[in-house]
Amino acid sequence: MRHLSCLLMVLLLLCVSGTAMPAPITLVNTTAVIGSNGADYSQIGADFDTVSVGVSGSEQDGIATLNLAYSTTFPGVESSGDVTTYFPDVFLCVPDGGCAGGSFTYAIALGDEGANGGQPAGFYAPGTIATSASIWGSRTGYIYGAKYRPSGSADQYTAPVVMMSGSVIAGTSVSSQVSDTGTLYNGQALYTLNIAVSGLGPALTATIGGGFDAFWGTGDCANGAFLASWPGSGTLFEPVPVGEPSSLWLAALGFVIVLAASQSCRLPGAPDAPGRAA
């Protein structure tokens, strides 16, 4: 009976109300690629296709982490002839709607663009930004994503891909990891690039949580220019309450209390308490 009461107590602790983190919000692309040949593309080449990005956040003791999970057919490094394409940096605009004008508030440097003058991994207030045209314009024989055009707009903007200079935002850090999902998308291997921006204090949490646009070129050629907009809900970094325990578990609680009043809990095989018979 002792073991039964202990088991019920453990089950009750697992089922009482608590909190959980919000599920990722999946965003799709809202821009078209303008090729260096002047043509419109959804992406230039099947191996530069970003399908979606999952946005989520977490918070502990007032310090938050922003997570971006890109589903893409580009694994991060690809060589063609005498040039190599890498993962570009990510550029954020706050509030949402800012990227349509090409003005960027923050840069998430992934640390993969050292060959093109990029900065170490980190969260920055960007200074100088290199576009796909500035990097690829002198490379003859290639069609690349020279610009992007937001959905519903006739305007075209140069695609930012590498943060060349900027100021690190104190207390923050960036980590990223790419993994093979083991699945195919339009015949291409599908990967997940997980990006975590950590160390966001209350001011940054409030700013980013209010909504942002995120631009990512997929590759530094911007062949898979991907612009996503999250309008903000104020709950990105807030835990989500879990429902109250059901009446069944409340009844179980009463049963456990009665048992606990007359029985002691001990691990199987543990010695009896001194002066007490088993």
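Residues numbered from 1 in each chain as written. Predicted model: local features only at pLDDT ≥ 70, side-chain atom pairs only at ≥ 80, totals over all residues. Heavy atoms only, no water.

### A few points about unusual backbone geometry
Let me state the cut-off plainly: Starting at the N terminus, helices and strands are each numbered in turn, a helix being any DSSP run of H or I of at least four residues and a strand any DSSP run of E of at least two. Each residue gets one of three labels from its accessible area relative to the maximum for its type: buried under 20%, exposed over 50%, partly exposed in between, using a 1.4 Å probe on protein chains only.
In this structure, Pro-95 follows Val-94 across a cis peptide bond, with omega equal to -5°. The residue Pro-95 is located in the loop between strand S9 (90-93) and strand S10 (106-109) in this model. Although it is not a glycine, Asn-186 adopts a positive phi angle of roughly 50°. Summarising the element assignment, Asn-186 is placed in the loop between strand S17 (173-185) and strand S18 (188-200). We classify Asn-186 as exposed; its relative accessible area is 63%. Backbone geometry at Thr-218 places phi at a positive 70°, although glycine is not the residue there. As for its position among the elements, Thr-218 is in the loop between strand S19 (212-216) and strand S20 (226-230). Residue Thr-218 is classed as buried on the basis of its relative accessible area, which comes to 0%.

### Some remarks on the side chain of Thr-65
Applicable threshold: Throughout, a residue-residue contact means that at least one pair of heavy atoms, one from each residue, lies within 4.5 Å.
Tracing the backbone through its elements, the reader meets Thr-65 in strand S6 (residues 63-72). The buried category is assigned to Thr-65, whose relative accessible area is 17%. Setting aside its immediate chain neighbours within four residues, Thr-65 contacts Ser-56, Gly-57, Ser-58, Ala-196, Val-197, Ser-198, Leu-200 and Phe-237.

### Focus: the side chain of Thr-131
Turning to its location among the elements, Thr-131 is positioned in strand S12 (residues 129-131). Of the residues examined, Thr-131 reaches a relative accessible area of 17% and is grouped as buried. Excluding residues within four positions of it along the chain, Thr-131 makes contact with Thr-158, Ala-159, Pro-160 and Val-161.

### So, the sheet that holds strand S11 (residues 122-126)
So the rule is basically this: Two strands are said to pair when DSSP picks up at least two bridges between them. Every axis in this analysis is a line fitted to C-alpha atoms, fitted for helices over the stretch in contact. Angles between the N-to-C directions lie between 0 and 180 degrees.
Here six strands make up an open sheet; going across it, the order is S16-S11-S10-S9-S19-S20 and the pairing antiparallel. Edge positions in the sheet fall to strand S16 (166-168) and S20, since each has one partner strand and no second. Taken pair by pair, the neighbouring strands of this sheet meet at an average axis angle of 25°, ignoring direction. In this sheet, S19 lies alongside S9 in antiparallel orientation, the contact comprising four bridges. Bridging across to S19, Leu-92 finds its partner in Ala-214. In this fold helix H3 (residues 202-209) packs onto S10, S11, S19 and S20, with an angle of close to 100° to the strand it touches most, S10.

### Observations regarding the environment of Tyr-106
Looking at the secondary structure, you find Tyr-106 in strand S10. Residue Tyr-106 is classed as buried on the basis of its relative accessible area of 11%. Sequence-wise, Tyr-106 and Val-94 are 12 residues apart; in three dimensions their C-alpha atoms are separated by 8.4 Å.

### Quick look at the nonpolar core
Put simply, the test is: Buried residues of nine kinds, namely Ala, Val, Leu, Ile, Met, Phe, Trp, Tyr and Cys, make up a nonpolar core once their side-chain atoms join them within 4.5 Å.
Core analysis: the largest hydrophobic core is formed by 58 residues, its most contacted members being Leu-66, Tyr-70, Ile-108, Phe-123 and Phe-212. Setting aside anything within four residues of it in sequence, one finds Ile-108 in contact with Leu-68, Asp-89, Val-90, Leu-92, Gly-122, Phe-123, Val-174, Ile-195 and Val-197.

### Here's the deal with the packing of aromatic side chains
For clarity, the cut-off: Pairing of aromatic rings covers Phe, Tyr and Trp, the last counted by its six-membered ring, and requires centre-to-centre distances within 6.5 Å; plane angles under 30 degrees mean stacked, over 60 mean edge-to-face, and any other angle means tilted. In this analysis the charged atom, NZ for Lys or CZ for Arg, is taken to sit over a ring once it is within 6 Å of the ring centre and within 35 degrees of the ring normal.
Taken as a whole and assessed by the stated rule, the structure comprises 12 aromatic pairs. Taken together, the ring pairs connect Phe-48, Tyr-70, Phe-74, Phe-87, Trp-216 and Phe-226 into an aromatic cluster. Lying across the ring of Trp-136, Arg-139 places its NZ or CZ 4.6 Å from the centre.

### Some thoughts on the sheet that holds strand S5 (residues 50-60)
Spatial ordering of the open sheet is given by S2-S5-S6-S18-S17, a layout of five strands whose pairing is antiparallel. Both outer strands of the open sheet, strand S2 (25-27) and S17, are each paired with one neighbouring strand and no more. Neighbour to neighbour, the strand axes of the sheet diverge by 20° on average, direction disregarded. Note: S2 against S5, three bridges, orientation antiparallel. Note on S5: the bridge partner recorded for Thr-26 is Gly-54. In this fold H3 packs onto S6 and S18, with an angle of close to 135° to the strand it touches most, S18.

### A few points about the confidence of the model for the chain
Counted only if it meets this: Each residue gets a pLDDT score, which is the predictor's confidence in that residue and runs from 0 to 100.
Averaged over all residues, the pLDDT of the chain equals 82, while 76% of them reach at least 70. Here residues 1-19 scores under 50 on pLDDT; set against residues more than four positions off or in separate chains, the count is 38 contacts. Per-residue pLDDT stays below 50 along residues 242-278; that stretch engages in 41 contacts with residues further than four places along the chain or on separate chains.

### Looking at the pattern of salt bridges
Definition in use: Salt-bridge detection follows one rule: a side-chain nitrogen of Lys or Arg within 4 Å of a carboxyl oxygen of Asp or Glu.
The tally for this structure, following the rule as stated, stands at one salt bridge. Between Arg-149 and Asp-40 there is a salt bridge, and its shortest N-O distance comes to 2.4 Å. On the criterion of sequence distance, the pair formed by Arg-149 in strand S13 (residues 145-150) and Asp-40 in strand S4 (residues 40-41) is long-range, its members being 109 residues apart.

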